[in-house]
Amino acid sequence: MNTPISPNGARAPSTGSSDPLIPVFLVQESDSFISEDIVAALRAMGPCRVIDVTDVDQIAPVLADEDAVTAAFLEISFEEVLACGIMSALVRCGARIILTTDSSGASDALAAGWGTLARPFNEPMIHEALSAHLVAEHRPKPLSQCAH
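Residues numbered from 1 in each chain as written. Predicted model: local features only at pLDDT ≥ 70, side-chain atom pairs only at ≥ 80, totals over all residues. Heavy atoms only, no water.

**Q** Quick one: what's the story with the pairing of strand 1 (residues 24-28), residue by residue and with numbers?
**A** Among the 5 residues of strand 1, 5 are classified as buried, and the element is accordingly described as predominantly covered. The alternating pattern of strand 1 places Val24, Leu26 and Gln28 and Phe25 and Val27 on opposite faces, both of which are buried. Inspection of the sheet shows strand 1 paired to strand 2 (residues 49-53) by 5 bridges, in the parallel sense. Opposite Gln28, over in strand 2, you have Val53 as the bridge partner. Once you follow strand 1 into helix 1 (residues 32-44) and on to strand 2, the crossover reads as right-handed. Pairing geometry for strand 1 and strand 3 (residues 71-74), over 4 bridges, is parallel. From the neighbouring strand, Phe25 faces strand 3, where its bridge partner is Ala71. (Buried < 20%, exposed > 50% of the residue type's maximum accessible area, 1.4 Å probe, protein only. Helix = DSSP H or I, 4+ residues; strand = E, 2+ residues; numbered from the N terminus. Pairing = 2+ DSSP bridges. Right-handed = clockwise from strand over helix to strand, strands pointing away.)

See below:
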């Protein structure tokens, strides 16, 4: 499927030669092979810009210069997202969150309006998770609404 991903109103930053209509994705994955698979699956869907980081501590600094992020694929758990301090940056950018870890916390993630992608996953599963999540127009809820 080579249909470009609709940014659903999210605009990429207009710095440099970036096209403001091209979706921006954040991929946080410690395993370079898995990261490459996710990035390749995103690029196969159409033009996009991908911010690829290995560690959760890199997320807030790279998002500081971003106006909008279409979706964030995060290797960490629901509880870790809430505990590590990146929620405000993700909410500010309007990023739709898709967790790519095991199923623990999946029900909490879904209740918060986030997407999940159970491992092991493949390219069609990545496309499906992203498409379903974008169509639903889910945005992360403020941190106060995510706490138990």
